[in-house]
Amino acid sequence: MGFEQYHEPANELSAEVRPFARMITGMTGMDLEFLLRKKPEWREILQRILFTDGDIVSHGEEAEKGAG
């Protein structure tokens, strides 16, 4: 994984903190995958938001209306 996952410039993080930040980033991706496997409705909603051309905010608002 590159340094693009850091919010701060990588050179501002200590060598001790960098691996921890990478680990947390990786866990976040795994958590999302777990939730999407366990909650098919979430997967469906996110697919309509993330994998559709156009404005992501508008798609999110539309998907939330459709889910409620």
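Below or above, wherever it landed, is the structure these notes cover. Here the structure is a predicted model, which means the values were calculated and not measured. All residue numbers here refer to positions counted from 1 along the written sequence of the relevant chain. Where local features are concerned, this predicted model is filtered to residues with pLDDT of at least 70; where side-chain atom pairs are given and counted, the filter is 80 or more; whole-chain, interface and lining totals use all residues. Where side-chain values are given, they derive from all heavy atoms of the structure, hydrogens and water being excluded.

### Structural notes on the overall build of the chain
- We count a stretch as a helix when DSSP gives it H or I for four or more residues in a row; a strand needs E for two or more, and each element gets its number in order from the N terminus. Along the backbone of the chain there are three helices and zero strands.
- Counting from the amino terminus, helix and strand elements in the chain follow one another as α-α-α.
- Classification of the 68 residues of the chain by burial places 16% in the buried group.
- Taking contacts inside the chain between residues at least 6 apart in sequence as the whole, the part at least 24 apart equals 3%.
- Computed by Shrake-Rupley with a 1.4 Å probe, the accessible areas treat only the displayed protein chains as cover when residues are assessed. Carbon and sulfur atoms make up 59% of the accessible area of the chain, which amounts to about 5,700 Å² in all. Exposure classes here rest on a 1.4 Å probe applied to the protein chains alone. A residue is buried below 20% of its type maximum, exposed above 50%, and partly exposed in between. Contact between two residues is taken to exist if any of their heavy atoms lie within 4.5 Å; hydrogens are not considered.

### Here's the deal with the pattern of salt bridges
- Note on definitions: salt bridges are taken to be side-chain nitrogens of Lys or Arg within 4 Å of carboxyl oxygens of Asp or Glu. What the rule picks out here adds up to three salt bridges.
- The salt bridge partner of Glu33 is Arg37, with a shortest N-O separation of 2.8 Å. With Glu33 and Arg37 both in helix H1 (residues 17-38) and four residues apart, the pair spans about one turn of that helix.
- On the accessibility criterion, Glu33 (32% relative accessible area) is partly exposed.
- You can call Arg37 exposed: its relative accessible area is 63%.
- Of the charged contacts in the structure, one is a salt bridge between Arg48 and Glu44, with a shortest N-O distance of 3.0 Å. With Arg48 and Glu44 both in helix H2 (residues 40-50), this residue pair falls four residues apart, about one helical turn.
- Take Arg48: its relative accessible area is 35%, and that puts it in the partly exposed class.
- Glu44 sits in the partly exposed class, given a relative accessible area of 48%.
- Because the salt bridges share partners, they merge into one network encompassing Glu33, Arg37 and Arg43.

### Comments concerning a nonpolar patch on the surface
- Taken together, the side chains of Phe20, Met23, Ile24, Met27 and Met30 make up a nonpolar region of the molecular surface, amounting to roughly 490 Å² of accessible area.
- Among the residues examined, Met23 registers a relative accessible area of 42% and is labelled partly exposed. Patch membership is restricted to residues that have no salt bridge and whose relative accessible area is over 30%. Joining uses 9 Å for like charges and 5 Å for the nonpolar side chains Val, Leu, Ile, Met, Phe, Trp and Tyr.

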